[in-house]
Every structure is written in structure tokens, then in C-alpha cells.
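# Summary of structural features
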Amino acid sequence: AQKVTQAQTEISVVEKEDVTLDCVYETRDTTYYLFWYKQPPSGELVFLIRRNSFDEQNEISGRYSWNFQKSTSSFNFTITASQVVDSAVYFCALKSFGNEKLTFGTGTRLTIIP
Amino acid sequence: DAEITQSPRHKITETGRQVTLACHQTWNHNNMFWYRQDLGHGLRLIHYSYGVQDTNKGEVSDGYSVSRSNTEDLPLTLESAASSQTSVYFCASSPSGGLSYNEQFFGPGTRLTVL
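Residues numbered from 1 in each chain as written. Chains lettered and ligands numbered in written order. Predicted model: local features only at pLDDT ≥ 70, side-chain atom pairs only at ≥ 80, totals over all residues. Heavy atoms only, no water.

## Looking at the overall build of chain A
A count of helices and strands for chain A gives 0 helices and 12 strands. When the helices and strands of chain A are read in sequence order from the N terminus, they spell out β-β-β-β-β-β-β-β-β-β-β-β. Its C-alpha radius of gyration of 14 Å places chain A within 12% of the 13 Å reference for a compact globule of 114 residues. The dimensions of chain A, computed from C-alpha atoms along their principal axes, are 45 × 25 × 20 Å. Out of the 114 residues in chain A, the part that is buried amounts to 46%. Sequence-distant contacts, at least 24 apart, represent 55% of the contacts inside chain A between residues at least 6 apart. (Helix = DSSP H or I, 4+ residues; strand = E, 2+ residues; numbered from the N terminus. Rg over C-alpha atoms; globule rule 2.2 N^0.38 Å. Buried < 20%, exposed > 50% of the residue type's maximum accessible area, 1.4 Å probe, protein only. Contact = heavy atoms within 4.5 Å.)

## Here we look at the state of the cysteines
Counted by the stated rule, this structure contains 2 disulfides over all chains. Note on cysteine connectivity: A:Cys23 is disulfide-linked to A:Cys92, with sulfurs 1.9 Å apart. With the S-S dihedral at roughly -65 degrees, the linkage between A:Cys23 and A:Cys92 falls on the left-handed side. Placement of A:Cys23 in the loop between strand E3 (19-21) and strand E4 (24-26) and of A:Cys92 in strand E10 (residues 88-96) is noted, with a sequence separation of 69 residues between them. Each member of the pair, A:Cys23 as well as A:Cys92, is classed as buried. What pairs with B:Cys23 in a disulfide is B:Cys91, and their sulfur atoms sit 1.8 Å apart. Looking down the S-S bond of the B:Cys23 and B:Cys91 bridge, the torsion is -70 degrees, so its handedness is left-handed. Residue B:Cys23 is located in strand E3 (residues 19-25), and its partner B:Cys91 is located in strand E9 (residues 87-94); the two are separated by 68 residues in the primary sequence. Under the relative-accessibility criterion, B:Cys23 is labelled buried at 2%. (Disulfide = S-S within 2.5 Å.)

## Some thoughts on the confidence of the model for chain A
When pLDDT is averaged along chain A, the result is 94, and 100% of the positions lie at 70 or above. The least confident element of chain A is strand E7 (residues 59-61) of chain A, whose mean pLDDT is 88; the most confident is E3(A), at 98. (pLDDT = per-residue confidence, 0-100.)

## Observations regarding the layout of surface pockets
Space inside the largest pocket adds up to approximately 650 Å³. Taken together, 31 residues form the lining of the largest pocket, with A:Gln39, A:Val89, A:Arg109, B:Gln37 and B:Leu39 sitting closest to its centre. Contributions of two or more residues to the lining of the largest pocket are made by E10 and strand E12 (108-113) of chain A together with strand E4 (31-38), E9 and strand E11 (110-114) of chain B. Across the lining of the largest pocket, the residue classes break down as 11 nonpolar, 15 polar and 5 charged. Estimated volume of the second largest pocket: approximately 260 Å³. Lining the second largest pocket are 15 residues; nearest its centre among them are A:Lys101, A:Leu102, A:Thr103, B:Leu45 and B:Glu59. (1 Å grid on protein atoms, 1.4 Å probe; cavity = no way out; pocket = protein on both sides within 12 Å on 5 of 7 lines; lining within 4 Å. Points joined across faces, edges and corners; volume = space filled by probe spheres on them. Nonpolar A, V, L, I, M, F, W, Y, C, P; charged D, E, K, R; others polar.)

## Some points on the pairing of E12(A)
Residue and element names in this part refer to chain A. Covered by surrounding structure in E12 are Thr 108, Leu 110 and Ile 112 only, the residues Arg 109, Thr 111 and Ile 113 on the alternate face being uncovered. By the bridge criterion, 3 bridges tie E10 to E12 in an arrangement that is antiparallel. Bridge pairing in E12 links Tyr 90 to Thr 108. (Pairing = 2+ DSSP bridges.)

## Looking at the nonpolar core
All names here are of chain A. Counting residues in each nonpolar core, the largest one holds 23 residues, and the members touching the most others are Trp 36, Phe 75, Phe 77 and Tyr 90. Secondary structure elements with two or more residues in this core: strand E2 (10-14), E3, strand E5 (32-39), strand E8 (64-69), strand E9 (74-79), E10 and E12. At 4 residues, the largest contribution of residues to this core is made by E10. Setting aside residues up to four positions removed in sequence, Tyr 90 forms contacts with Gln 6, Leu 21, Trp 36, Tyr 37, Lys 38, Leu 48, Tyr 64, Phe 77, Ile 79, Gly 107, Thr 108 and Leu 110. (Core = buried A, V, L, I, M, F, W, Y, C linked by side-chain atoms within 4.5 Å.)

What follows is the structure, encoded as C-alpha cells:
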């Protein structure tokens, strides 16, 4: 069975601080895909990034960066120089090759204090 | 622009009533999904479909049903609403391709309250 754990239920940081959201996953599959979604206060779910299990390169997109480490089954998300607009619930999710279903973590609520 | 819509956006109903939540996508995606979002549980899969006439149960399917008569729509029916089904419901879709690489696109959600 697959499982995604986001141990941090809520995080609050002061604006301009860096913050890392943790994601640990469990799967028996060798080929799988990891995702991050953002849910701002307005409620919609916004896709942020996808990573496949064969690509352990870290990725940076502006102030966002992702660190994928198969050795620790982690796919952590870092926001540099946080801004109030980053306040949201962030979900990590997993699906296996050949299976379209997503398994979500329980989410981390991030609050950026101005 | 292609999109995925849900209606109604908010619904209040009474215990025991049948309720249908609509989901419509214009991406021509084969895969469609229904999730419920509850505090402390994240998003949990209710039902999903990989194409017309195909439906499958997810992890929390009891009390829910879906039908897929065309590519664009996957309505979710609560046969006899219960207070435990008070939740926010999200519909999603994704293109098929056999590799499962594609992300899912989510609708705006429906907030359902069962009194």
C-alpha cells in the first residue's frame, strides 16, 4: 500500500524567512511519480511540480525548490524568502506507474506572518 | 480555455436526501476522479473513471455512486446523505497515456453540508 506522510500539520514563519515543508512517502513500486499541490485560502488546488522516481535532480523555480531523495523516501519543498501570498495548505501526493490514482498526504498549513 | 467545473459550489441538504454533485470538464480527458477533503485526512479518493461506462471504487466509496455516460461528465450521487458526508468535494481529471506521468487538474470544489 502507498502512503504519504506530511508530519508538519501547521507552520508559521515571518515573511522573508525560508521554510521547508517535509514529505515522506512509502511505496513498493520502482517507478512512481511525486507531486506537490498548493491550496490557497480561495480553496482551489494548484499543481506545482511533478517528479518521477528516476530523476533525483533537485529543481528550482523562482523562490521554490524541491529536494527529492530516494534514499530517505523524501520529497521536500522549500520556499525561500517567503511572502504572504505563500500562505496556503500544501499537499504532497504520490502515484505509481500504470496507476492513475493519487495518494495524498494530509497537508501542511503554512502561514506567513507579515 | 479548457476547464473543469463543479456545481453547485455550495449545498445544504438534510439527512436521508439524495444529492447529486456535478462535474464537467472540457479537456476531453479520459480519467476523472472524485475526492473528499476533510481536516486531518487530506484528500481521499471516492470514485474514479478511466473512460465512458467505466467506474471504480476508491478508498471511501460507501454511500456514494458515480456514472460515466460521456467523456465530459462524472456526477457524484449521495444516495442517502448522512452527516458524516459533510465535506468539501473535489472533482479532478487527467489525460490518459498509460504512463501515469500526468498531473490531475482539479475543479473549484463543492462544499456540502448535511444537517
